[in-house]
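Descriptive structure summary
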Amino acid sequence: FMTPDFWVAVGQIILIDIVLGGDNAVVIALACRQLPAAQRTKGILWGTAGAILLRVILIFFALTLLAIPYLKLV
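Attention in this report is confined to the structure presented alongside it. (Residues numbered from 1 in each chain as written. Predicted model: local features only at pLDDT ≥ 70, side-chain atom pairs only at ≥ 80, totals over all residues. Heavy atoms only, no water.)

**Quick notes on the overall build of the chain**
- Scanning the chain from N- to C-terminus turns up three helices and zero strands.
- Reading the secondary structure of the chain in the N-to-C direction produces α-α-α.
- The C-alpha atoms of the chain give a radius of gyration of 16 Å, which is well past the 11 Å a tight globule of 74 residues would have.
- Its C-alpha atoms give the chain principal-axis dimensions of roughly 50 × 30 × 15 Å. (Helix = DSSP H or I, 4+ residues; strand = E, 2+ residues; numbered from the N terminus. Rg over C-alpha atoms; globule rule 2.2 N^0.38 Å.)

**Quick look at the packing of helix α1 (residues 4-20) against helix α3 (residues 37-66)**
- At a minimum axis separation of 11 Å, α1 and α3 run at an interaxial angle of 125°. When the axis of α1 is compared with that of α3, the two are oblique. As for how α1 packs across α3, the hand of that crossing is right-handed. Every residue of α3 that contacts α1 at F6, V10, I13, I14, D17 and I18 is listed here: I52, R55, V56, I59 and F60. (Axes fitted to C-alpha atoms, helices over the stretch in contact; angles between N-to-C directions. Parallel < 35°, antiparallel > 145°, perpendicular 65-115°, else oblique. Left-handed = near helix turned anticlockwise from the far one by under 90°. Contact = heavy atoms within 4.5 Å.)

**Here we look at the environment of A9**
- For A9, the position within the fold is in helix α1.
- When its relative accessible area of 33% is taken as the criterion, A9 is described as partly exposed.
- In this structure the C-alpha to C-alpha distance between A9 and A31, which are 22 residues apart in sequence, comes to 31 Å. (Buried < 20%, exposed > 50% of the residue type's maximum accessible area, 1.4 Å probe, protein only.)

**Quick notes on the environment of L45**
- Relative to the elements of secondary structure, L45 occurs in helix α3.
- Classification of L45 by relative accessible area gives exposed; the value is 56%.

**What about the layout of surface pockets?**
- Each pocket or cavity is described by its volume, and for the largest pocket that value is around 190 Å³.
- Lining the largest pocket, in full, are D17, I18, G21, N24, A25, I28, A29, I44, T48, A51, I52 and R55.
- Those elements that place two or more of their residues in the lining of the largest pocket are α1, α2 (22-32) and α3.
- Looking at the lining of the largest pocket, its residues break down into seven nonpolar, three polar and two charged. (1 Å grid on protein atoms, 1.4 Å probe; cavity = no way out; pocket = protein on both sides within 12 Å on 5 of 7 lines; lining within 4 Å. Points joined across faces, edges and corners; volume = space filled by probe spheres on them. Nonpolar A, V, L, I, M, F, W, Y, C, P; charged D, E, K, R; others polar.)

So this is what it looks like as structure tokens:
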């Protein structure tokens, strides 16, 4: 976890997720549209951060599963 290559790869994954995460933006916008302005801003920021964090956690989980021998074959 402490090598620069690892963090570059994580950064690339996050960047690709943000670019391709247009559906998340729509869902977050729909969820926050009725909120007052201050709460709307907080909702958008927390929703975006939560979506990114959840994807990173799920990526680590998927990588762990792919390290199991013969699972890629299945």
